[in-house]
Amino acid sequence: MSDETPATRLWRDKAQIREQERDDARARLRIAEEKVAILSAENDRLAAENARLRERLDPNIGRARSETEQQMAELRGALIPLLTNPPPTTH
């Protein structure tokens, strides 16, 4: 017969259950992280494929996008100083 009391046995059993739950949660987390990595890679692949198909559909789209981005950069460059140092107002 064991010297173990019911309270000690109960405490040990609860500790084992908590450890098993923790291990199960870690396993689920690891699986979820793997799925996220797979989905992210697939998303990147599809984004690249979409860009390639758009370029085939309209070869000028890249140039038009670059021009738009350049215009936006110029506009941003012109607006930033006005926003940080507004002109004085007259009363």
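Residues numbered from 1 in each chain as written. Predicted model: local features only at pLDDT ≥ 70, side-chain atom pairs only at ≥ 80, totals over all residues. Heavy atoms only, no water.

Q: Now, about the pattern of salt bridges: what can you tell me, with residues and values included?
A: Following the criterion strictly, the structure yields 6 salt bridges and no others. Residue arginine 12 pairs with glutamate 4 through a salt bridge whose shortest N-O separation is 2.2 Å. The exposure class of arginine 12 is partly exposed, given its relative accessible area of 33%. Accessibility expressed as a relative area gives 25% for glutamate 4, which makes it partly exposed. Put simply, aspartate 23 and arginine 22 hold a salt bridge, and the shortest N to O gap is 3.5 Å. (Salt bridge = Lys/Arg side-chain N within 4 Å of Asp/Glu carboxyl O. Buried < 20%, exposed > 50% of the residue type's maximum accessible area, 1.4 Å probe, protein only.)

Q: Pulling in residues and values, what's your account of the environment of leucine 79?
A: By the secondary structure assignment, leucine 79 is in helix α2 (residues 61-84). The class of leucine 79 is partly exposed, set by a relative accessible area of 40%. With 75 residues separating them in the primary sequence, leucine 79 and glutamate 4 have C-alpha atoms 77 Å apart. (Helix = DSSP H or I, 4+ residues; strand = E, 2+ residues; numbered from the N terminus.)

Spatial relationships are all this shows, so hold off on functional conclusions.
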